[in-house]
Amino acid sequence: MESLEFLNSINDFNAAKQVIAGGVNSPVRAFKSVGGTPLFIAHAKGAYLVDVDNNTYIDFVQSWGPLIFGHCDKDIEEAVVQTAKKGLSFGAPTPLETALAKEVISIMEGIEKIRFVSSGTEATMSAIRLARAYTKREDIIKFEGCYHGHSDALLVSAGSGLATFGNPSSPGVPSDFTKHTLVATYNDLASAESCIALSEKQGSGVACVILEPIAGNMGLVPSEVEFLEGLRSLCDKHGILLIIDEVMSGFRASLSGSQEFYKVRGDLTTFGKVIGGGMPVGAFGGSAEIMDLLSPNGAVYQAGTLSGNPVAMAAGLVALQKLRANPKVYKHLESLALQLTNGLKELCASFKIPLQTCVRGSMFGFFFNANPVKNFQDALKSDTKMYAAFHQGMLNSGVYFAPSQFESGFICATMDSKMIDEVLQKAQIVLQEISRV
């Protein structure tokens, strides 16, 4: 198979490393887990990326999820351009914030008020602070493998026991910041119960449980229905707030995010990505009773100069309005995701390569793993070397999958069945070459 040329990307990466830490502004972009050279992008349109070496790729990353309508959607682009002409940011309220808030609230059941921020990290960090204030408790429970941003209390690794307080998983995070974070096993209700019991024994009490119902940062690993329903009941029993992290899945997996699949509502819900239509946006929302604890109504402080900036609000508003006007788009996206993952599974089976696949609406994932993946420990048993070889082969064929085994893939509306067939034909050649090694 003929390889693409990456000379300009190599040169740009070397230049970036001189002035940007690691050469990238988000770690996964460095391609460390898959090898090769990070792509430096020149431009994009629809389902396609074009790098600085003029190589074209079918893009299954789609800016990590928000671009449901693909790159440079003309309606979103027009809204951004027209709004930008009136001013990029005012540090003051605009009607666009209210319009987007109404749109989100009208779609997501259980949310009465919302607060916009600029990232998913801000959204989850703020929601946890709010939950602690509401419950007047200190401890939180998260699940191993779920990513909720890089705030100190959430950069936590699991301890050796079933129920332990977390240890910092990054240098620079004091243990005092994580001593109130307990780490449970995803899809394991008993481990969450053990964490609650431990917290109560210590006398702190659990303020909130936070999780991704459709986890997208250990690969795509959805919650089991019984687990999520049991978690909701467990939180109700102990007076704990349940924070549903929909930063990745909200308006992506379906119009109503995880609610379409589970009918389970959070006391607080966090959003990001899609409600920015490609612009940097985050949000968190819940009942008026909880949300009114935020300043200026209440004493819980949260602020941001660029929160609700008009350009991002305009982009997100058009994106959500387009989704509401065309709800059938999700069935189309899901059918393409199933075509892709079922095709990959059949191809791998023909080469006796074990593969696990998963689809949730327009999100998909696959693991080179002989056994089903239900939690992070299962995901870690995947063959990451195989994934790296497959990623490199597909990249050289003009197909861009996420540069990590532990990330989700995304379908966009400008893709079609013919394009998926093209990808599968390329995958057959790559897998055939891998199986010969």
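As a convention, each chain's residues are numbered from 1 in the sequence order in which they are written. Local features in this predicted model are restricted to residues of pLDDT 70 or higher, and side-chain atom pairs are both shown and tallied only at a pLDDT of 80 or more, whereas totals for entire chains, interfaces and linings draw on every residue. Only heavy atoms go into the side-chain values, all of them from the structure, while hydrogens and water stay out.

Once that is clear, we can look at the packing of aromatic side chains. The aromatic pairing rule takes the rings of Phe, Tyr and Trp, using the six-membered ring of Trp, and pairs them if the centres are within 6.5 Å, calling planes under 30 degrees apart stacked, those over 60 edge-to-face and the rest tilted. Under the criterion given, the structure shown has 17 aromatic pairs. Their ring planes at 35 degrees and their centres at 5.6 Å tell us that F251 and F271 sit as a pair that is tilted. Note that F251 is positioned in the loop between β13 (241-245) and α8 (259-262) and F271 in strand β14 (residues 268-272), a separation of 20 residues in sequence. With relative accessibility at 0%, the residue F271 sits in the buried group. Helix and strand definitions here come from DSSP, where helices need a minimum of 4 consecutive H or I residues and strands a minimum of 2 consecutive E residues; each element is numbered from the N-terminal end. Exposure classes here rest on a 1.4 Å probe applied to the protein chains alone. A residue is buried below 20% of its type maximum, exposed above 50%, and partly exposed in between.

The end-to-end C-alpha separation of helix α10 (residues 310-325) is 22 Å, in line with the 22 Å expected for 16 residues at 1.5 Å each. Of all 16 residues in α10, 13 are buried, a share of seventy percent or more. Here the expected length of a helix is defined as 1.5 Å per residue gap, with one fewer gap than residues.

Before going further, it helps to examine the UniProt feature "modified residue: N6-(pyridoxal phosphate)lysine" (unreviewed entry) in the protein chain. UniProt tags K273 as "modified residue: N6-(pyridoxal phosphate)lysine" (unreviewed entry). Mapped onto the elements, K273 comes out in the loop between β14 and β15 (282-286). For this analysis, residues touch if any pair of their heavy atoms sits within 4.5 Å. Those residues in contact with K273 that lie beyond four places of it in its chain are W64, P66, V247, M248, G278, M279 and V281. UniProt positions are given in the numbering used here, feature names are shortened, and annotations may be inferred rather than shown by experiment.

Once that is clear, we can look at the pairing of strand β16 (residues 356-360). A pair of strands is considered paired only if DSSP assigns at least 2 bridges between the two. Where β16 and strand β17 (residues 363-367) come together, 5 bridges link them in antiparallel fashion. Bridge pairing links C358 to G365 in β17.

On to the pairing of strand β10 (residues 206-211). Here β10 lies mainly inside the structure; 6 of its 6 residues are buried. The sheet contact formed by strand β5 (residues 139-143) and β10 spans 3 bridges and is parallel. Residue pairing for β10: I140 is matched across the bridge by C208. Note that β10 and β13 share 4 bridges and pair parallel.

Salt bridge, as applied in this entry: a Lys or Arg side-chain nitrogen positioned within 4 Å of an Asp or Glu carboxyl oxygen. On inspection of all chains with the given rule, the structure shows 10 salt bridges. For K322, the salt bridge identified is with D75, shortest N-O distance 2.8 Å. Placement of K322 in helix α10 and of D75 in helix α2 (residues 74-84) is noted, with a sequence separation of 247 residues between them. Owing to a relative accessible area of 29%, D75 belongs among the partly exposed residues under this scheme. The closest approach of N and O atoms between R324 and E103, which form a salt bridge, is 3.4 Å. Here R324 is found in helix α10, whereas its partner E103 is found in helix α3 (residues 95-107), with 221 residues between them in sequence. Within the structure, one salt-bridge network assembled from shared partners comprises D73, K74, D75 and K322.

Let us now look at the sheet that holds strand β19 (residues 409-410). Each strand in a sheet pairs with another by means of backbone hydrogen bonds, the pair being arranged parallel or else antiparallel. On the basis of which strands lie adjacent, the open sheet formed by 3 strands has the order β16-β17-β19 and antiparallel pairing. Whereas interior strands pair on both sides, the edge strands pair on one side only; in this sheet they are β16 and β19.

What follows covers the domain arrangement of the protein chain. Many authors give the size of an interface as the accessible area that is lost as the parts come together. Domains assigned within the protein chain are domain 1 (7-60 + 327-435) and domain 2 (74-325). Domains are outlined according to an automatic or database domain assignment. The gap between the C-alpha centroids of domain 1 and domain 2 is 26 Å. Tallying the contact residues gives 24 residues for domain 1 and 27 residues for domain 2. In this description, buried area is defined as the sum, over both parts, of the accessible area (probe of 1.4 Å) that is lost when the two are combined. Between domain 1 and domain 2, roughly 2100 Å² of surface is buried when both sides are summed, and carbon and sulfur atoms account for 60% of that area. Contact with domain 2 buries area across many residues of domain 1, yet Y330, R360 and M363 alone supply 30% of it, more than any other trio. Here domain 1 is connected to domain 2 by 1 salt bridge. K374 is paired through a salt bridge with E224; the nearest N and O atoms lie 3.5 Å apart. Polar contacts, as counted here, are pairs of nitrogen or oxygen atoms within 3.5 Å of one another; within protein the pair requires one atom able to donate a hydrogen and one able to accept it, and residues that are adjacent in sequence qualify only if both atoms are side-chain atoms. The tally of links from domain 1 across to domain 2 stands at 7 residue pairs in polar contact (both at pLDDT 80 or more). Elements with a minimum of two residues in the side of domain 1 that touches domain 2: α11 (329-350), β16, β17 and α12 (376-380). Here the side of domain 1 that touches domain 2 gets 4 residues from one element, more than from any other, and that element is β17.

Quick look at unusual backbone geometry now. In the segment running from S295 into P296, the intervening peptide bond is cis, with an omega of 15 degrees. Tracing the backbone through its elements, the reader meets P296 in the loop between α9 (288-291) and α10. One non-glycine residue with positive phi stands out, namely N54, at about 70 degrees. Residue position: N54 is located in the loop between β2 (48-51) and β3 (56-59). Judged by its relative accessible area of 60%, N54 falls in the exposed class.

Structurally, the position occupied by S170 is in the loop between β8 (167-168) and α5 (175-178). With 126 residues separating them in the primary sequence, S170 and A44 have C-alpha atoms 34 Å apart.

In this structure, S249 sits in the loop between β13 and α8. Judged by relative accessible area, which is 0%, S249 ranks as buried. Look past the residues within four positions of S249 in its chain and what remains in contact with it is I214, S254, G257 and M363.

Now for the state of the cysteines. Note on terminology: pairs of cysteine sulfur atoms within 2.5 Å are recorded as disulfides. Across all of its chains, the model carries 0 disulfides by this definition. Sulfur of C146: no disulfide; nearest cysteine sulfur belongs to C195 and is 13 Å away. Of the residues examined, C146 reaches a relative accessible area of 5% and is grouped as buried. There is no disulfide at C348, and the cysteine sulfur nearest it, in C358, is 16 Å away. Since its relative accessible area comes to 2%, C348 is described here as buried.

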